[in-house]
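Overview (structure and organization)
These are the residues of each chain, in order.
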Amino acid sequence: MIDEEMVNALNRQLNAELYSGYMYLSMAAYFESIDLSGFANWNRVHAQEEFTHGMKFYDYLVSRGARVTLTEIEAPPTEWEGAFAVFDHVLRHEQLVTGLINKLVDLAISQKDHATNNFLQWFVAEQVEEEETAGGILKKVKLAGDNSSALLLLDKDLMGSSTGSATE
Ligand code: FEO
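Residues numbered from 1 in each chain as written. Predicted model: local features only at pLDDT ≥ 70, side-chain atom pairs only at ≥ 80, totals over all residues. Heavy atoms only, no water.

**Some thoughts on the packing of aromatic side chains**
Across all of its chains, the model carries twelve aromatic pairs by this definition. Here Tyr 30 and Phe 31 contribute two aromatic rings whose centre-to-centre distance is 5.5 Å and whose plane-to-plane angle is 55°, an arrangement assigned as tilted. Looking at Tyr 30, the relative accessible area reads 6%, which means it is buried. Between the aromatic rings of Trp 122 and Phe 123, the centroid separation amounts to 4.9 Å while the plane-to-plane angle is 80°, which identifies the pairing as edge-to-face. Given the relative accessible area of 38%, Trp 122 is considered partly exposed. Directly above the aromatic system of Trp 122 lies the positively charged group of Lys 56, at a separation of 4.2 Å from the ring centroid. (Phe/Tyr/Trp six-rings, centres within 6.5 Å; stacked < 30°, edge-to-face > 60°. Buried < 20%, exposed > 50% of the residue type's maximum accessible area, 1.4 Å probe, protein only. Lys NZ or Arg CZ within 6 Å of the ring centre and 35° of its normal.)

Structure (structure tokens):
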């Protein structure tokens, strides 16, 4: 039997993952608006990945016989000051998500809920990858700086990305 406090916390994380997807999709739309379609592609693919994360929480709650409760998803920002600002935001957001996952693990441990702890370990590993990927792209965008040729090369590179770990 899964504890009610845990069910509520997992439902909040489901919402947070859907928000992440919404945020990445808004970033994709921003990049489309400034004609960086490779960056747009990367963010769009990543949005899809976040919706998949959300569904993992959905499926886990259902498998434990718990109620999935969907709540309002906050509106994401729609404008940034260029690619560096977007990826700086991405990295900070992923660090925040890592903190949320760690708190869920803390709760699972405190409740001796081994099944939920085991379920969450996939996300613990995933967040290491998420932060590494975001940090990697941020470094490249920083290196490109005001050099539009370098930025366009990076954009071309990201055009082919079909997973969150593009360019790595
Ligand atoms: Fe679902 Fe980007 O963490």
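**Section: the nonpolar core**
In terms of nonpolar packing, the biggest core is built from 25 residues, with Phe 31, Phe 39, Val 86 and Phe 87 touching the most fellow members. Breaking this core down by element, the ones donating at least two residues are α1 (4–33), α2 (37–63), α3 (83–110), α4 (114–144) and α5 (148–159). Among the elements that line this core, the one with the most residues is α1, at six residues. In contact with Phe 39, other than residues within four places in its own chain, are Phe 31, Ala 83, Phe 87, Val 141, Leu 151, Leu 154, Asp 155 and Leu 158. Counting 21 residues, the second-largest nonpolar core is a separate cluster that includes Ile 2, Leu 18, Tyr 60 and Leu 61. (Core = buried A, V, L, I, M, F, W, Y, C linked by side-chain atoms within 4.5 Å. Helix = DSSP H or I, 4+ residues; strand = E, 2+ residues; numbered from the N terminus. Contact = heavy atoms within 4.5 Å.)

**What about α5?**
Over its twelve residues, α5 runs 16 Å from end to end, which matches the ideal 16 Å to within 8%, given 1.5 Å per residue. Of the residues making up α5, those classed as buried are Leu 151, Leu 154, Asp 155 and Leu 158. Viewed along the axis of α5, the buried residues span an arc of 105°, placing them on a single side of the element. Of the residues in α5, the exposed ones pointing more than 90 degrees away from the buried face are Ser 149, Leu 152, Leu 153 and Lys 156. Packed against the buried residues of α5 are α2, α3 and α4. Between the side-chain oxygen at the start of α5 and the backbone nitrogen of Ser 149 there is a gap of 3.0 Å, and the oxygen is on Asn 147. (Expected span 1.5 Å × (residues − 1). Arc of directions from axis to C-beta. Polar contact = N/O pair within 3.5 Å; in protein donor to acceptor, adjacent residues only side chain to side chain.)

By themselves, these are just geometric observations and shouldn't be taken as functional.
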